[in-house]
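Residues per chain are reported as follows:
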Amino acid sequence: MELLKVLNQPHWNYLFTHEGITIKAPSKEAATQLALMYRECLTETAYNIKGKIKITWRCCKSPIQIFGWMASKQPPSAYETAEAILCTDGEILCSLLRVPVPLLKHIVQAGESEKPISIVRCSDRKQIIINKSMEMALQSPAIELTRRIMTRFWRLRDLETLEHELMMTNRFRWQYNAALNPRTWAILESEFERFEVNGQWYSQTTFLINPEPIPFPDDVIIWDTDRLIDN
């Protein structure tokens, strides 16, 4: 088998655990390439052993995990889906101590999506939830991102347009530009969705294209990081 040839090369290793199989790759890049090239084989193996495949590398904090239910035609149970998110060590970061079930469903969807997704609490415009893809797109530590007050990363007129459209339609697509972080301004295209949970309104942003960095506009000033987050 081609996969075994790869795993038997120098600097690769694998071992069986009570959860399934753990593969140790020589680097993050090698681990990612393995997961992409042999996804079907790894998924089938996880299904056959009724467990999961975990791919790690040196100093790895967020291993790649492939679950057996991914090969099944049946949808995963709530427990399996929750396990897939909770065991990813940073794939989803939420700053809330208590999460209502309807909001948890949005978190699960964000965790399963390959697109960058974030959720903002409308009452204080604080970004409280991001997935791993959004953390990478915004080029900032996740712990910082879930403390941001998002009004400070927009032109005021564009923010007013966004809030007006969400009040009118609750879901729409828009191409615009805004700050990814205090150092980068970019052209973006996103789907915005406004939803209510237990009387609290939230706004979900899903990036539809890769951000295109452009020079900072002359009419925009982004202050230092300490002023951009809620401590």
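The rules behind each value
Residues numbered from 1 in each chain as written. Predicted model: local features only at pLDDT ≥ 70, side-chain atom pairs only at ≥ 80, totals over all residues. Heavy atoms only, no water. Pairing = 2+ DSSP bridges. Helix = DSSP H or I, 4+ residues; strand = E, 2+ residues; numbered from the N terminus. pLDDT = per-residue confidence, 0-100. Contact = heavy atoms within 4.5 Å. Patch = residues over 30% accessible without salt bridge, like charges linked within 9 Å, V, L, I, M, F, W, Y side chains within 5 Å. Areas by Shrake-Rupley, 256 points an atom, 1.4 Å probe, with all protein chains shown as cover. Salt bridge = Lys/Arg side-chain N within 4 Å of Asp/Glu carboxyl O. Buried < 20%, exposed > 50% of the residue type's maximum accessible area, 1.4 Å probe, protein only. Axes fitted to C-alpha atoms, helices over the stretch in contact; angles between N-to-C directions. Phe/Tyr/Trp six-rings, centres within 6.5 Å; stacked < 30°, edge-to-face > 60°. Lys NZ or Arg CZ within 6 Å of the ring centre and 35° of its normal. Expected span 1.5 Å × (residues − 1).

1. Let's talk about the pairing of strand 1 (residues 13-16)
Every regular strand shows the same layout, with side chains that alternate between the two sheet faces.
Thought 1: Pairing of strand 1 with strand 2 (residues 20-24), which is carried by four bridges, proceeds in the antiparallel orientation. Counted as the bridge partner of F16 is I21 from strand 2.
Thought 2: Between strand 1 and strand 2, which pair antiparallel one after the other, the connecting turn spans three residues.

2. As for the confidence of the model for the chain
Thought 1: Per-residue pLDDT for the chain averages 82, and the proportion of residues at 70 or more is 82%.
Thought 2: Contacts of residues 86-90 to residues separated by more than four positions or lying in other chains number nine contacts, the stretch itself having pLDDT below 50.
Thought 3: Note on residues 224-231: pLDDT under 50 across the span, and 19 contacts to partners over four residues away in sequence or across chains.

3. Quick word on a nonpolar patch on the surface
Thought 1: A cluster of nonpolar residues, L4, Y14 and F16, forms a patch on the protein surface that exposes about 310 Å² of accessible area.
Thought 2: By the element assignment, L4 lies in helix 1 (residues 2-7).
Thought 3: Classification of L4 by relative accessible area gives partly exposed; the value is 36%.

4. Quick notes on the sheet that holds strand 1
Thought 1: Strand order in the open sheet made by the four strands is 1-2-3-4, with mixed pairing throughout. Either end of the sheet is taken by a strand with one partner, and the two such strands are strand 1 and strand 4 (64-67). Within the sheet, the average angular offset between the axes of one strand and its neighbour, ignoring direction, is 15°.
Thought 2: With five bridges connecting them, strand 2 and strand 3 (residues 52-56) associate as parallel partners. If you follow K24 over to strand 3, its bridge partner there is T56.

5. A few points about the pattern of salt bridges
Thought 1: Per the counting criterion, the structure on display carries six salt bridges.
Thought 2: Between E163 and R125 there is a salt bridge, with the nearest N and O atoms lying 2.6 Å from each other. In this pair, E163 sits in helix 8 (residues 156-169) while R125 sits in the loop between strand 6 (117-121) and strand 7 (126-131), placing the two residues 38 residues apart along the sequence.
Thought 3: The partly exposed category is assigned to R125, whose relative accessible area is 33%.

6. Remarks on the packing of aromatic side chains
Thought 1: Evaluated as defined, the whole model comprises ten aromatic pairs.
Thought 2: Between Y176 and F192 the ring centres are 5.5 Å apart and the planes differ by 50°, which places this aromatic pair in the tilted class. Remark: F192 occurs in strand 9 (residues 184-197) and Y176 occurs in strand 8 (residues 171-181); sequence separation between them is 16 residues.
Thought 3: Overall, Y176 belongs to the buried group, its relative accessible area being 7%.
Thought 4: Judged by its relative accessible area of 1%, F192 falls in the buried class.
Thought 5: By way of ring pairs, the aromatic residues W154, F172, W174, Y176 and F192 are connected into one cluster.
Thought 6: Positioned above the aromatic ring of W201 is the side chain of R194, whose terminal nitrogen or guanidinium carbon lies 3.7 Å from the ring centre.

7. Focus on helix 8
Thought 1: The terminal C-alpha atoms of helix 8 lie 20 Å apart, and with 14 residues this matches the ideal 20 Å at 1.5 Å per residue to within 8%.
Thought 2: Looking at the buried residues of helix 8, the elements they touch are strand 8, strand 9 and strand 10 (200-207).
Thought 3: Immediately downstream of helix 8, the backbone of N170 shows phi near 70°, a positive value.

8. Let's talk about the environment of N13
Thought 1: Within the fold, N13 resides in strand 1.
Thought 2: Judged by relative accessible area, N13 falls into the partly exposed class, the value being 41%.
Thought 3: In this structure the C-alpha to C-alpha distance between N13 and I23, which are ten residues apart in sequence, comes to 5.9 Å.
Thought 4: Not counting residues up to four positions away in its chain, the partners in contact with N13 are L7, T22, I23 and K24.

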